[in-house]
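Each chain, letter by letter, is given below.
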Amino acid sequence: MPRTAKRQTPHEQPIQTVLVLQGGGALGAYQGGVYQVLAEHGYQPHWVVGTSIGAINSALIAGNPPERRLERLQTFWEQVARSDSIGYPALSPFAPWLTPWFKAGSFINTLTRGIPGFFVPRPGATFNLDQAVATPQASFYDTSPLKDTLERLVDFDYLNEQHVRCTVCAVEVSTGELVSFDSAKELLTPQHIMASGALPPGFPPVVINGKAYWDGGIYSNTPVDVVMDDAERRNTLCFMVDLWDPTEDEPQSISDAMARQKDIQYASRTREHLDDHRTMQNMRRAIEILASRLPDKDKQDPSLQHLCKLGCRSTINIVRLIMKALPSDDHNKDIDFARTSLQARWLAGEHDAQRALRHKSWLAPLPDHVGMVIHELPQED
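Residues numbered from 1 in each chain as written. Predicted model: local features only at pLDDT ≥ 70, side-chain atom pairs only at ≥ 80, totals over all residues. Heavy atoms only, no water.

(A) Geometry of the overall build of the protein chain. Scanning the protein chain from terminus to terminus reveals 13 helices and eleven strands. The proportion of buried residues among the 381 residues of the protein chain is 49%. Carbon and sulfur atoms make up 56% of the accessible area of the protein chain, which amounts to about 19,100 Å² in all. (Helix = DSSP H or I, 4+ residues; strand = E, 2+ residues; numbered from the N terminus. Buried < 20%, exposed > 50% of the residue type's maximum accessible area, 1.4 Å probe, protein only. Areas by Shrake-Rupley, 256 points an atom, 1.4 Å probe, with all protein chains shown as cover.)

Written as structure tokens, this is what we have:
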């Protein structure tokens, strides 16, 4: 006779490692640095969830075998990097007042020429704002170069085999509802990744099965809810990599005010969402504990059985990494693809991931009643 498989308790279940990648354009190089260090220390994700540039990074990770992921990430970020303005950064330490001019030059260059392998200006779009066009052309820029880049750097056959689950978020234009495209439920294509990064009015909506989609970041830029709704009954170690810091200094200029507005908007009330999910997960743990102490006769009560099923003993550890703004960042930092800026952000991601791995606070034993813990790095001087 076949042996009966031993039923695993929640504590014996394997821990799923999840990588949640926020949207933020050029700031996404930080996520590349974080992934590099996590991978070097054996923290390969079982699931990647991303929005906008986070969706692109997610596809590059999930759509390649482990030995090729870092190289593909590096290739993408090298491709989209723009050469620094002549004289920058060599002159900046000696004439810091020139930095805003160098930044303005880089911004204008991106505005007028686009980014290689990502997007190019759509001829005449600026002067024909009210002209009727097909839905995929309702934008200032054409993102067809991104499709070519994704097809070259992402193996979508490999991605859809679910070696790593991949979920990207977009907004359905006609309903305004957030939609998750999940490799566990459907086959993902370059169009799904592009839809997640179709930020209007710069980028055009992407049509999939007759429906138009925009960047998920205009609804919720941090796709943590996707993970929490799925992971409530699985032991989970989740690395959240945020690109917008809601705790920067108060603005001292109009440019600072514009930068802070973006920080707060695209941080997407992450702390509030996490606190709500922590309350719910701790409540599930409390229900599980109470249910385990019911007398046997009460455990047979159908109404109580229904309530008991609301409980679980799974533990969720959220390790939150938040990129701090560079000293020279301004309100256009998310479209600052200058090579020096991208390299600095990548190195910042490496640095913060190394700090998190030195602490490893998620390995500390937890009280029995705690179902979810949020780990944040202490601020550096």
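(B) A look at the packing of helix 3 (residues 66–80) against helix 13 (residues 339–359). One way to put it is that helix 3 packs onto helix 13 with a least axis distance of 9 Å and a crossing angle of 150 degrees. Comparing the axis directions of helix 3 and helix 13 gives the class roughly antiparallel. As for how helix 3 packs across helix 13, the hand of that crossing is right-handed. Along the contact surface, helix 3 presents Leu70, Leu73, Gln74, Trp77, Glu78 and Val80, while helix 13 presents Arg339, Leu342 and Trp346. Classifying every residue of the contact of helix 3 with helix 13 gives six nonpolar, one polar and two charged. (Axes fitted to C-alpha atoms, helices over the stretch in contact; angles between N-to-C directions. Parallel < 35°, antiparallel > 145°, perpendicular 65-115°, else oblique. Left-handed = near helix turned anticlockwise from the far one by under 90°. Contact = heavy atoms within 4.5 Å. Nonpolar A, V, L, I, M, F, W, Y, C, P; charged D, E, K, R; others polar.)

(C) Representation of the packing of aromatic side chains in the model. Across all of its chains, the model carries twelve aromatic pairs by this definition. Between tyrosine 43 and phenylalanine 239 the ring centres are 5.7 Å apart and the planes differ by 75 degrees, which places this aromatic pair in the edge-to-face class. Taken together, the residues span a long stretch of sequence, with tyrosine 43 in the loop between helix 1 (29–40) and strand 2 (47–51) and phenylalanine 239 in strand 9 (residues 236–242) at a distance of 196 residues. For the pair tyrosine 43 and phenylalanine 239, one class covers both residues: buried. Between phenylalanine 119 and phenylalanine 203, the ring centres sit 5.0 Å apart and the planes meet at 50 degrees, which makes this aromatic pair tilted. Separated by 84 residues along the polypeptide, phenylalanine 119 in the loop between helix 4 (99–113) and strand 3 (120–121) and phenylalanine 203 in the loop between helix 7 (190–196) and strand 7 (206–208) bring together distant segments of the chain. Residues phenylalanine 119 and phenylalanine 203 agree in their burial class; the two are buried. By way of ring pairs, the aromatic residues Phe76, Trp77, Phe118, Phe119, Tyr141, Phe203 and Phe337 are connected into one cluster. One residue, arginine 165, lies across the ring of tryptophan 47, its end atom 3.9 Å from the ring centre. (Phe/Tyr/Trp six-rings, centres within 6.5 Å; stacked < 30°, edge-to-face > 60°. Lys NZ or Arg CZ within 6 Å of the ring centre and 35° of its normal.)

(D) Summary view of the side chain of aspartate 215. Among the structural elements, aspartate 215 can be located in strand 8 (residues 211–215). Buried and unpaired, aspartate 215 has lysine 262 as its nearest opposite-charge partner, separated by 12 Å. Here glycine 217 takes part through its backbone nitrogen, which lies 2.6 Å from a polar atom of the side chain of aspartate 215. Other than its neighbours up to four places away in sequence, aspartate 215 contacts Thr51, Ser52, Ala170, Val171, Ala195, Ser196, Gly197, Ala198 and Leu199. (Lys, Arg positive; Asp, Glu negative; His and termini not counted. Salt bridge = Lys/Arg side-chain N within 4 Å of Asp/Glu carboxyl O. Polar contact = N/O pair within 3.5 Å; in protein donor to acceptor, adjacent residues only side chain to side chain.)

(E) Broad picture of the side chain of aspartate 352. The residue aspartate 352 is located in helix 13 in this model. If we skip the residues at most four places from it in the chain, aspartate 352 touches Tyr30, Leu321, Ile322 and Leu377.

(F) The pairing of strand 8, seen in detail. Direction of pairing for strand 5 (residues 165–172) relative to strand 8: antiparallel, over a ladder of three bridges. The partner of alanine 170 across the bridge, within strand 8, is aspartate 215. Here three bridges tie strand 7 to strand 8, and the two strands are oriented antiparallel to one another. The partner of isoleucine 208 across the bridge, within strand 8, is lysine 211. (Pairing = 2+ DSSP bridges.)

Honestly, that's just the spatial picture; any functional story needs more than this.
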